[in-house]
Amino acid sequence: MQAPDQPVLRDIVLVGGGHSHVVVLKRFGMHPLPGVRLTVICRDTHTPYSGMLPGYIAGHYSYDEVHIDLSRLARFAGARFFRDEALGLDRDAGKVLCRNRPPVTYDTLSLNIGSTPQMADVAGASEHAVPVKPINGFNVRWLQLLERVRSQAGTTRIAVVGGGAGGVELTLAMQYRLRNELRTLGRNPDELSFHLLTSNPVILPTHNASVRRAFERVLADRGVAVHCNARVNKVSATRVQTAGGASVDADEIVWVTRAGGAPWLRDTGLALDADGFIRVNDSLQTVTDPMVFAAGDIASMINYPLEKAGVFAVRQGRPLAENLRRAVEGRALESYRPQSKWLALISTGDRYAVASRGALGFQGAWVWRWKDWIDRRFMRKFSQFPPMEAGRAVATPSSIKLDQEEAAQAISAVAMRCGGCGAKVGATVLSRALGALHPVERDDVLIGLHAPDDAAVVRVPPGKAMVHTVDFFRAFIDDPYIFGKVAANHALGDIFAMGAEAQSATAIVTVPAGLETKQEDLLFQMMSGAIKVLNEANCALVGGHTGEGKELALGFAVNGLIDEDMAAVMRKGGMRPGDVLILTKPIGTGTLFAAHALLEARGRWIDAALISMCQSNRLGAQCLHEHGATACTDLTGFGLLGHLVEMTKPSGVDVELDLAALPVLEGAEDTSAAGILSSLQPANVRLRRALRNQQEASSHPRYALIFDPQTAGGLLASIPPARAQSCLTALRVLGYAHAAVIGRVLPQGDALEPIQLKLD
Ligand SMILES: Cc1cc2nc3c(=O)[nH]c(=O)nc-3n(C[C@H](O)[C@H](O)[C@H](O)COP(=O)(O)OP(=O)(O)OC[C@H]3O[C@@H](n4cnc5c(N)ncnc54)[C@H](O)[C@@H]3O)c2cc1C
């Protein structure tokens, strides 16, 4: 959404990827607001659409059909996506406190985090019952239950606590699916029994009598035992007990009732209602803080008490987007009046549904088809995007009101970008950003950031030799903290691949011109990530240079230490015939991030790739060395084949590379098969002349991946065959779950091409 030539003037931060925020993202994507940067912080990359959830449980939809991919949606909207969990707010400083990263700064904040099951006041519920929210947690337990019912013969008793629409729908959906599974396996579906418990005198208390009757009939026909006036007050591993003294034996207990606000909201100072939901006015603005908004289940509209339903969360999306816009522009906010009657389409699991609106009720298989049509149409809005407009790249005057100082900074930022010239970032910006960071201190750093000077002075201890390397690249993701981690990890990779320990690093940074406060925040976020990684490697950041440039970029010159006698050095040229090739991490980052840029990668593929890119090679290198590695390198931009060629040449050997054995990141085969490749790929493909059976291999589905450029890739090493298995086992214990033997080293043959691809 943020036009590249437009400096960031204001930050809108969206916490939670609920139904309202997905609408906000879509609307901002369609109509960007120049000068505003949107950031979404969400615990889950794939956020569930509640309307289709029972259909997923019943087996009518796949996981991807019922989840909105926030990573893709955010990319479409030009918003930054931070996968993280908010744990609190510092409203005085305008910051969201997160579980896994430094606080995130906002000018305007919106919360759409849904409701949280309240189980603490029911003895044993937290330990033994499975809450339906968060859905992703429930999904894990649901898949386990599915597997257990499939694999173990005998009865399974399931109790669902909560007789509202969610509880009723879920009960029927689970029952439909599990009975089908048993039938398919040739077993008796009556091995299953279901109980539905509600503290109310009736099920579906907020719906009309005809809808209630319809469901009472369905539940009775389907053999579900319904317990009304049954307030559960105790739960054990195998039983639920009610306040009235009755009990129901159960193997699985699902909790679909008593939701409240997240406990951390109590410390934010925001006014909450009795259930812990945030009190908001008709503009969805909190009654406490004009810069904080809330929508969906977490909001409690003081003038309109609403049922907690996704339909309201969706409807609030449009006015929320409008009011966030107006708030940053300093305009009067719009009032939103929710509808008094709303249509609920409640399914019975078996492709049949009941419609409920006010006093109206009707049902049928056609109602389910209608619901299915509405739901799929809704989901398409968040998965099929119009082409990005070229006009977005053009700077448009911002409508945001700035003070004099900010206006001057904004004008000079635009001038700077137009000229494209680089300049040093102001000393105060830099010192404030770095002042809050704490690089590791080492005795051999004589002059470093603790006593800044023209240059750092570092001692090389006696008996040690110094190892130098440098790396630099543009931000390929919009999360500066994670980018900082990846950039530092990538730079350290060379040091570890040599068998050295990291000692010190200097950073080279470019940040886009803009308001000083925004630059400072960006630097702080990015360098926090980098310093975390450097500190973990005991590598002291001793200095650096920060300039302004068109794009965010970061690199490091890293120094390492190694024994002077070179005994520990792992070079590229030591491979011996008979050795086996081990690769410690999966490949595929180039094609995946090319696809990410084109909105063609699934969010979870990108998550997994980033986790892999943030994994250090330090322990892997030690392990390879301990297992007698004869040669080693880290995979970077040249891709697997490029690095292999770099190793075979000086080693004077040939290798056989087993394509089937290559560890590959999830999604990379799909994206490369779709022809989505990194811009560096063509240069790497020139090395195909090193392949003996290139013609034959070129149609193999993994062929393109051997040229795929890697960022912060794994280590590629040759290991004596006798130690290969124990090396692999040790690598896996160290957390390199995808480490694999990917080929073997052969004596140099007569052929000019050193590499043979094994294709089956
Ligand atoms: C089985 C079932 C079926 C239902 N069916 C329907 C239906 O058909 N129609 C209907 O209208 N309603 C239905 N509901 C109700 C509906 O699920 C909720 O009302 C709706 O999900 C609320 O939407 P929301 O946008 O407020 O929050 P949610 O959809 O709950 O989304 C919250 C988001 O915030 C994220 N999040 C939470 N905490 C944090 C944090 N601390 N930091 C960062 N991110 C966070 C979550 O990961 C999630 O992405 C159903 C409920 C259940 C249980």
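Residues numbered from 1 in each chain as written. Predicted model: local features only at pLDDT ≥ 70, side-chain atom pairs only at ≥ 80, totals over all residues. Heavy atoms only, no water.

Peer 1: Hey, could you go over the overall build of the chain for me, with residue numbers and the actual values?
Peer 2: Scanning the chain for helices and strands turns up 21 helices and 38 strands. Taken over the C-alpha trace, the chain has a radius of gyration of 29 Å; the compact-globule value for 760 residues is 27 Å, and the two agree within 12%. Counting only C-alpha atoms and orienting by the principal axes, one finds that the chain spans roughly 85 × 70 × 45 Å. Across the 760 residues that make up the chain, the buried fraction comes to 55%. Sequence-distant contacts, at least 24 apart, represent 77% of the contacts inside the chain between residues at least 6 apart. Summing over all exposed atoms, the chain offers an accessible surface of approximately 31,200 Å²; the carbon and sulfur share of this is 52%. (Helix = DSSP H or I, 4+ residues; strand = E, 2+ residues; numbered from the N terminus. Rg over C-alpha atoms; globule rule 2.2 N^0.38 Å. Buried < 20%, exposed > 50% of the residue type's maximum accessible area, 1.4 Å probe, protein only. Contact = heavy atoms within 4.5 Å. Areas by Shrake-Rupley, 256 points an atom, 1.4 Å probe, with all protein chains shown as cover.)

Peer 1: Outline unusual backbone geometry, listing residues and values.
Peer 2: Here the amide bond leading from K133 into P134 is cis, since omega sits at -5°, within 30 degrees of zero. At A712, a position not held by glycine, the phi torsion is positive, near 50°. Counting through the fold element by element, A712 comes out in the loop between α20 (694–697) and β36 (715–719). According to the relative accessible area criterion, A712 is buried, its value standing at 6%.

Peer 1: A description of the pairing of strand β15 (residues 232–236) should follow, citing residues and the corresponding values.
Peer 2: Here β15 runs beside strand β16 (residues 239–242); their pairing, made up of four bridges, is antiparallel. When the sheet's bridge partners are listed, S236 is paired in β16 with R239. From the end of β15 to the start of β16, which pair antiparallel, there are two residues. (Pairing = 2+ DSSP bridges.)

Peer 1: Describe the packing of aromatic side chains, listing the residues and the values that go with them.
Peer 2: Applying the stated criterion to the full structure yields 13 aromatic pairs. Consider the rings of Y56 and Y63, whose centres lie 6.3 Å apart with planes at 75°: the pair is edge-to-face. Connected via pairs of aromatic rings, a cluster forms that spans F473, F476, F483 and F593. Sitting above the plane of the F28 ring, R325 keeps its charged end 4.7 Å from the centroid. (Phe/Tyr/Trp six-rings, centres within 6.5 Å; stacked < 30°, edge-to-face > 60°. Lys NZ or Arg CZ within 6 Å of the ring centre and 35° of its normal.)

Peer 1: Please set out the pairing of strand β1 (residues 10–15) residue by residue, giving values where relevant.
Peer 2: Of all the six residues making up β1, six are buried; the element is thus mostly covered by neighbouring parts of the structure. Judged by which residues are buried, β1 turns out to be covered on both faces: R10, I12 and L14 on one side and D11, V13 and V15 on the other are all buried. Relative to strand β2 (residues 36–42), β1 is paired through six bridges, and the arrangement is parallel. Directly across from V15, in β2, lies its bridge partner I41. Traced from β1 through helix α1 (residues 19–30) to β2, the parallel crossover comes out right-handed. (Right-handed = clockwise from strand over helix to strand, strands pointing away.)

Peer 1: Residues and numbers for the nonpolar core, please.
Peer 2: Among the nonpolar cores identified, the biggest contains 111 residues, and V96, L111 and M174 are the most heavily contacted of them. Here this core gets seven residues from one element, more than from any other, and that element is helix α6 (residues 165–184). Beyond its immediate chain neighbours, meaning those up to four positions away, L111 contacts V15, H21, L89, W264, L265, L270, I278, V292, F293, A294, A295 and I298. (Core = buried A, V, L, I, M, F, W, Y, C linked by side-chain atoms within 4.5 Å.)

Peer 1: Explain the side chain of E520 residue by residue, including any values.
Peer 2: In this fold, E520 is placed in helix α13 (residues 516–536). When sequence neighbours within four positions are dropped, the list of residues in contact with E520 reads V429, R432 and A433.

Peer 1: Which residues make up a nonpolar patch on the surface, and what values go with them?
Peer 2: Among the surface-exposed residues, L343, W366, W370 and W373 lie close enough to one another that they form a single nonpolar patch of about 410 Å² accessible area. Mapped onto the fold, W373 is located in helix α9 (residues 365–380). We classify W373 as partly exposed; its relative accessible area is 48%. (Patch = residues over 30% accessible without salt bridge, like charges linked within 9 Å, V, L, I, M, F, W, Y side chains within 5 Å. Salt bridge = Lys/Arg side-chain N within 4 Å of Asp/Glu carboxyl O.)

Peer 1: Summarise the packing of α1 against helix α8 (residues 310–329); cite the residues concerned and give the values.
Peer 2: Working note: a packed helix pair is described by the angle between its axes plus the distance between those axes. Relative to each other, α1 and α8 sit at 40°, their axes nearing to 7 Å. Compared by their axis directions, α1 and α8 come out oblique. Crossing angle aside, the handedness with which α1 passes α8 is right-handed. Along its contact with α1, which presents H19, S20, H21, V23, V24, R27 and F28, the element α8 presents G310, A313, V314, Q316, G317, R318, L320, A321, L324 and R325. Taken together, the residues that form the contact of α1 with α8 break down as eight nonpolar, six polar and three charged. (Axes fitted to C-alpha atoms, helices over the stretch in contact; angles between N-to-C directions. Parallel < 35°, antiparallel > 145°, perpendicular 65-115°, else oblique. Left-handed = near helix turned anticlockwise from the far one by under 90°. Nonpolar A, V, L, I, M, F, W, Y, C, P; charged D, E, K, R; others polar.)

Peer 1: Got a sec to walk through the pattern of salt bridges? Specific residues and values, please.
Peer 2: Tallying each qualifying case throughout the model produces 41 salt bridges. Where E329 meets R331, a salt bridge forms, and the shortest distance between an N and an O atom there is 2.8 Å. A relative accessible area of 8% means that E329 is categorised as buried. The partly exposed category is assigned to R331, whose relative accessible area is 40%. Through salt bridges with shared partners, one network takes in R318, E322, R326, E329, R331 and E334.

Peer 1: Would you mind going over the site of the ligand in detail, with residue names and values included?
Peer 2: The environment of the ligand is made up of 30 residues, and the closest members are H19, D44, T47, D297 and G310. One of the backbone nitrogen or oxygen atoms of G310 is found 2.8 Å away from an oxygen atom of the ligand. Protein chains bury 90% of the 980 Å² of accessible surface belonging to the ligand in isolation. Breaking the shell around the ligand down by element, the ones donating at least two residues are β2, α6 and α8. Broken down by element, the residue count for the shell around the ligand peaks at three residues, all from α8. (Near = heavy atom within 4 Å. Polar contact = N/O pair within 3.5 Å; in protein donor to acceptor, adjacent residues only side chain to side chain.)

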